[in-house]
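The primary structure of each chain is shown beneath.
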Amino acid sequence: MATEIKTIGVLTSGGDAPGMNAAIRAVVRAALYYGIDCIGIRRGYHGLLNGDFTRLNFESVSDISRRGGTMLYSARSEEFKTPAGQERAVATCKMLGLDALVGIGGDGTFSGLLCLAKRGLSVVGIPGTIDNDIACSSYTIGYDTACNTALESIDKLRDTMQSHERCSVVEVMGHRAGHLALTVGVACGATAVIVPEHPVDYEADLLEPIRRARLAGRTHFMIIVAEGVEGGAYSIGKVIEEATALDTRVTVLGHIQRGGSPSSRDRITATYMGYEAVRLLAEGKTCRVVALQGENYVDYDITEALQMTKSLDQHTYEVMRALTGVH
Ligand code: F6P
């Protein structure tokens, strides 16, 4: 028979993402609905092994859904990766009377949850990262807001690039994956998009689209580069200047993409995922990751989820190539 869950902890770990607060709120409110107490662990696994916590109630999560960042802070912890660190984390869970833990973050967060599950704690993960690189889920909390934030900056860049008839090379976050860069590139109508999943052929993927656009009468150009591309935006900028003599400027959007008030999509997805995580625990399930597949919220075993791989959406890639004139 499943252990009855009386108290759960919730933490955010790894890079923060807009919508994490909405997920925390949903976890706390759903827990209360199921008659479960909730404790917030601050500063991710670092906080867990150091006993850094705050008690959460109905009111303490009021009016946080619209805020960016995470009210629980986030951190990366090297110590937690060691067996001694994990022992200390389990000791904190015992000290706090935690029966279960909800972790909001990426694959690193889920690996941490798996270590704790192996030491007897009930755990559920929620995908929260602007990178959208969690294989088991078609969507991760924060992705939509990060796309919109990048678009806003790119629209502004376009104004000045247009005035000066320049080429803009914009580096978009995404860790090792190109999902964010590809979506942003399609949405902003980029001249070319360079992602780490496809080896770049400078002539065909970069210089030809620029030349074609130039011949068609275009006087400014927007190139989107994913941060995972070797050499990043600066090396691409150099290639363009050397080959075309276009006046080129490089902009690395960086951490600005992680901030801001979450979009409705992120607030809603986070709310459903937070609720689902608690429902699973209340029903006696453990070692699961909540995921979105199409319109449906589903869940996967954490070990299975960590073994899955996610490739770049081929259709979106083809659409991008078609619209930038790459054959
Ligand atoms: O995973 C989210 C992310 O923003 C990645 O896109 C980026 O590579 C990384 O985190 C940056 O991490 P940090 O906040 O440690 O600089």
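Up top you'll find the structure we're talking about.
We now turn to the structure provided with this report. (Residues numbered from 1 in each chain as written. Predicted model: local features only at pLDDT ≥ 70, side-chain atom pairs only at ≥ 80, totals over all residues. Heavy atoms only, no water.)

Notes on the site of the ligand
And step 1. Around the ligand, the neighbouring residues are Arg76, Thr129, Asp131, Met173, Gly174, His175, Glu227, His255 and Arg258.
And step 2. Glu227 places a polar side-chain atom, nitrogen or oxygen, 2.5 Å from an oxygen atom of the ligand.
And step 3. When the ligand is considered free in solution it has 400 Å² of accessible area, and contact with the protein chains removes 73% of it.
And step 4. Partitioned by chemical class, the residues of the shell around the ligand number 1 nonpolar, 4 polar and 4 charged. (Near = heavy atom within 4 Å. Polar contact = N/O pair within 3.5 Å; in protein donor to acceptor, adjacent residues only side chain to side chain. Areas by Shrake-Rupley, 256 points an atom, 1.4 Å probe, with all protein chains shown as cover. Nonpolar A, V, L, I, M, F, W, Y, C, P; charged D, E, K, R; others polar.)

A look at the side chain of Thr145
And step 1. The topology assignment puts Thr145 in helix 5 (residues 143-164).
And step 2. Thr145 sits in the buried class, given a relative accessible area of 5%.
And step 3. A distance of 2.9 Å separates the side chain of Thr145 from the backbone nitrogen of Ser263, its partner in a polar contact.
And step 4. For Thr145, the residues in contact, after removing those within four places along its chain, are Pro18, Gly259, Ser261, Pro262, Ser263 and Asp266. (Helix = DSSP H or I, 4+ residues; strand = E, 2+ residues; numbered from the N terminus. Buried < 20%, exposed > 50% of the residue type's maximum accessible area, 1.4 Å probe, protein only. Contact = heavy atoms within 4.5 Å.)

Examining the packing of helix 1 (residues 20-33) against helix 9 (residues 264-282)
And step 1. Relative orientation of the contacting elements helix 1 and helix 9 amounts to 35°, with a least axis distance of 7 Å. Of the two possible hands of crossing, helix 1 and helix 9 adopt the one that is right-handed. On the side of helix 1, the interface is formed by Ala22, Ala23, Ala26, Val27, Ala30, Ala31 and Tyr33, while helix 9 contributes Arg267, Ala270, Thr271, Gly274, Tyr275 and Val278. (Axes fitted to C-alpha atoms, helices over the stretch in contact; angles between N-to-C directions. Left-handed = near helix turned anticlockwise from the far one by under 90°.)

Looking at unusual backbone geometry
And step 1. The backbone phi angle of Tyr73 is positive, close to 60°, even though this residue is not glycine.
And step 2. Along the chain, the position of Tyr73 falls in the loop between strand 3 (53-56) and helix 3 (83-96).

Quick word on the sheet that holds strand 7 (residues 192-194)
And step 1. Reading across from one edge, 7-8-6-9 is the order of the 4 strands in this open sheet, with parallel pairing throughout. Sheet topology places strand 7 and strand 9 (248-252) at the edges, where each strand pairs with a single neighbour. This sheet shows a mean twist of 20° between the axes of neighbouring strands, independent of strand direction.
And step 2. The pairing of strand 7 with strand 8 (residues 221-226) spans 3 bridges and is classified as parallel. Considered in strand 8, the bridge of Ile194 is made with Val225. (Pairing = 2+ DSSP bridges.)

Things to note about the pairing of strand 4 (residues 100-105)
And step 1. Burial within strand 4 is extensive, with 6 of its 6 residues counted as buried.
And step 2. Residues Ala100, Val102 and Ile104 of strand 4 are buried on one face, and the alternating residues Leu101, Gly103 and Gly105, pointing to the opposite face, are buried as well.
And step 3. With 5 bridges joining them, strand 1 (residues 7-12) and strand 4 adopt parallel strand pairing. In the sheet register, Gly9 faces strand 4, and the bridge partner there is Leu101.
And step 4. Note: strand 4 against strand 5 (residues 122-127), 6 bridges, orientation parallel. Bridged to Leu101 within strand 5 is Val123.
And step 5. Crossover strand 4 to strand 5 through helix 4 (residues 107-118) is right-handed. (Right-handed = clockwise from strand over helix to strand, strands pointing away.)

Looking at the sheet that holds strand 1
Strand pairing within a sheet occurs via backbone hydrogen bonds; the two strands may be parallel or antiparallel.
And step 1. Read across the sheet, 7 strands follow the order 3-2-1-4-5-10-11 without closing on themselves; strand pairing throughout is mixed. Edge strands, defined here as strands with exactly one partner in the open sheet, are strand 3 and strand 11 (296-301). Neighbouring strand axes in the sheet, compared pairwise and without regard to direction, differ in orientation by 25° on average.
And step 2. Pairing of strand 10 (residues 288-293) with strand 11 involves 6 bridges; the strand directions are antiparallel. Note that in strand 11 the partner of Val290 across the bridge is Asp299.

Considerations on the side chain of Arg258
And step 1. With respect to the element layout, Arg258 can be found in the loop between strand 9 and helix 9.
And step 2. Ignoring sequence-local partners within four residues, the contact set of Arg258 consists of Gly15, Asp16, Pro18, Arg76, Ile130 and Met173.

Let's talk about the pattern of salt bridges
And step 1. This structure, assessed with the given rule, holds 18 salt bridges.
And step 2. A salt bridge links Glu79 to Arg88, with the nearest nitrogen and oxygen atoms 2.6 Å apart.
And step 3. Linking Arg288 and Asp299 is a salt bridge whose minimum nitrogen-to-oxygen distance equals 2.7 Å. Taken as a pair, Arg288 in strand 10 and Asp299 in strand 11 lie far apart in primary sequence, 11 residues in all.
And step 4. Asp299 sits in the partly exposed class, given a relative accessible area of 25%.
And step 5. Overlapping salt bridges, with partners in common, bring together Glu203, Glu208, Arg211 and Arg212 in one network. (Salt bridge = Lys/Arg side-chain N within 4 Å of Asp/Glu carboxyl O.)

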